[in-house]
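Commentary on secondary and tertiary structure
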Amino acid sequence: MMQISSFVDRFSEPQTLLMAKLGRELAAKGVNVINLSLGEPDFDTPQHIKDAAKKALDDGFTKYTPVAGFADLRAAVCHKLKRDNNLEYTPEQTLVSTGAKQSLANVILATINAGDEAVIPTPYWVTYSALVEMAQGVCKFVSCGIEDHFKITPAKLEAAITEKTRLFIFSSPCNPSGAVYSKEELAGLVEVFKKYPNITIVSDEIYEYINYVGKHESIAQFEAIREQVVLVNGFAKGFAMTGWRLGYIAAPVAMIKACEKIQGSFTSGTNSIAQKAAVTALLSDNTPSMEMVKAFHERRDFFIAELNKIEGFKTLVPEGAFYAFPDISYYFGKKDAQGNEVNNADDFALFLLNVAHVSGVSGAAFGNDQCIRFSYAASMEQISEAVQRIKTALATLS
Ligand code: PLP
């Protein structure tokens, strides 16, 4: 038998993909499943970005690219960071990768030695822990429940730090909770980080544009810790470009060089056509993205209001991203029509999939076993139908 390394056993398959797979299997049997499990805008990439990709092909951009990305894209990233975030970065302080996922992989592999600790507030995006585990690091999860609005406080942060802490990883807007950190909240965390210059702060800002509360605030704006920050962003969510696989970081040059070395051996420079299209995405009028966000906003208002009408659901109003993250623990201990008990969020997610034919993702996948994540990157009709089905299914639990 072919031997598989222990490396593969070190981390688990993302639950988000698993639920989508189970949903597809059910759909293949002819069941009409409403899929609210995936983190993907249901919009098409804006036409001007597609046109730029077609032009790139016609212009002959079909060859290997520089490992760190085309010079014009790295310059466009700097332009965007100045325009949107008032952050000064030079092209040498940027690196383009095959999705923000690869950006994160590079950074984590470039930071963590075996036994080093990464502080991760929960709920968190599943990939963070998988990557830390691949690097033989140790995740120090800090539980931030619904009562904390799913955000870490300076006191909790400081309590989690040890001499082995090398990384802090968080997203704002957050997947899965939709929480958005205000400037004041970030400033509070900065007061702690200032005391620990050896900690690298990974700020995942991929949902930046999908923000319903106003201006996006990046932790990179604080000069005192600027040298500690790796800003991660990408094109998947804000420009509806999930399939194009393009992300980037902005960070001190030493980190860029390390990531460039890693990426040079894994994948080399990312796709030439996607990079050229990304230059257009960053430099042109962003109205299509803003229209998409407007649609998400309307769906959010509708969906959250409906979820809050369901008996036992506790749902915060998410301030960004496109997920609802209700606390459903009220249903733990209840039994379905066959006498099977719903004991935890995994059971709850499977119950909804099998009985309501609505797929969400158990909060346990994100480090919170009281909640379930539903994506509302779906049509109003689907959202509305999903709510009805959820209500009907829950009424069968007693
Ligand atoms: N970061 C967060 C918080 C995400 O939710 C996702 C995608 O779901 C990513 C990063 C990955 O983005 P990309 O598709 O650019 O790899």
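See the structure above.
On a predicted model such as this, the values are computed, not experimentally measured, just so you know. (Residues numbered from 1 in each chain as written. Predicted model: local features only at pLDDT ≥ 70, side-chain atom pairs only at ≥ 80, totals over all residues. Heavy atoms only, no water.)

Let us look at the site of the ligand. Close contacts around the ligand come from Gly99, Ala100, Lys101, Trp125, Tyr128, Asn175, Asp204, Ile206, Tyr207, Ala236, Lys237 and Arg245, and that covers them all. Contact between the ligand and alanine 100: an oxygen atom at 2.7 Å from a main-chain N or O atom of the residue. With the chains in place, 93% of the 400 Å² that the ligand exposes on its own is no longer accessible. Of the residues that constitute the shell around the ligand, the class distribution is six nonpolar, two polar and four charged. (Near = heavy atom within 4 Å. Polar contact = N/O pair within 3.5 Å; in protein donor to acceptor, adjacent residues only side chain to side chain. Areas by Shrake-Rupley, 256 points an atom, 1.4 Å probe, with all protein chains shown as cover. Nonpolar A, V, L, I, M, F, W, Y, C, P; charged D, E, K, R; others polar.)

Quick look at the pattern of salt bridges now. One pass over the full model with this rule turns up 22 salt bridges. Here lysine 276 makes a salt bridge to aspartate 72, at a shortest N to O gap of 2.7 Å. Highlighted residues: lysine 276 in helix α10 (residues 272-283) and aspartate 72 in helix α4 (residues 71-85), separated in sequence by 204 residues. For lysine 391, the salt bridge goes to glutamate 306, with nearest N and O atoms at 3.9 Å. Of this pair, lysine 391 sits in helix α13 (residues 380-394) while glutamate 306 sits in helix α11 (residues 287-307); the two residues are 85 residues apart in sequence, bridging distant segments of the chain. You can call glutamate 306 buried: its relative accessible area is 13%. Residues joined in a network through salt bridges with shared partners are Lys80, Arg83, Asp84 and Glu208. (Salt bridge = Lys/Arg side-chain N within 4 Å of Asp/Glu carboxyl O. Helix = DSSP H or I, 4+ residues; strand = E, 2+ residues; numbered from the N terminus. Buried < 20%, exposed > 50% of the residue type's maximum accessible area, 1.4 Å probe, protein only.)

Next up on the list: the sheet that holds strand β8 (residues 247-250). The seven strands are arranged β2-β8-β7-β6-β5-β3-β4 in an open sheet whose pairing can be described as mixed. Single-partner strands in this sheet number two, and they are β2 (94-97) and β4 (138-143). Across the sheet, the axes of successive neighbouring strands diverge by a mean angle of 20°, strand direction being ignored. (Pairing = 2+ DSSP bridges. Axes fitted to C-alpha atoms, helices over the stretch in contact; angles between N-to-C directions.)

Once that is clear, we can look at the packing of helix α5 (residues 100-111) against helix α6 (residues 127-134). At a minimum axis distance of 9 Å, the contact between α5 and α6 shows a crossing angle of 35°. In the packing of α5 onto α6, the handedness of the crossing is right-handed. For the pair α5 and α6, the contacting residues are Lys101, Leu104, Ala105 and Ile108 in the first and Thr127, Tyr128, Leu131 and Val132 in the second. Residue composition of the contact of α5 with α6, by class: six nonpolar, one polar and one charged. (Left-handed = near helix turned anticlockwise from the far one by under 90°. Contact = heavy atoms within 4.5 Å.)

Position of serine 329 among the secondary structure elements: in the loop between β9 (323-324) and β10 (334-335). For serine 329, a relative accessible area of 22% corresponds to the partly exposed category. As a C-alpha pair, serine 329 and valine 342 span 13 residues in sequence and 9.5 Å in three-dimensional space. Polar side-chain contacts of serine 329 include one of 3.4 Å to the side chain of glutamine 370.

We now examine α6. The element α6 is largely enclosed, with a buried count of six among its eight residues. Along α6, the residues classified as buried are Thr127, Tyr128, Ser129, Ala130, Leu131 and Val132. Buried-residue contacts for α6 involve α5, β3 (117-122), β4, β5 (165-171) and β6 (200-204). Just downstream of α6, glutamine 136 is the residue with a positive phi angle, here 65°.

In terms of nonpolar packing, the biggest core is built from 83 residues, with Ile249, Phe303, Phe313, Phe348, Leu352, Phe374 and Leu394 touching the most fellow members. Among the elements that make up this core, the one with the highest residue count is helix α12 (residues 345-356) (seven residues). Lining this core are residues from two domains, each supplying at least three of them: domain 1 (6-44 + 288-394) and domain 2 (62-283). Setting aside residues no more than four positions away along its own chain, phenylalanine 303 makes contact with Leu36, Ala324, Phe374, Tyr376, Ile383 and Val387. Formed by 48 residues, the second largest nonpolar core is a distinct cluster that contains Leu73, Val96, Val119 and Leu186. (Core = buried A, V, L, I, M, F, W, Y, C linked by side-chain atoms within 4.5 Å. Domains from an automatic or database assignment.)

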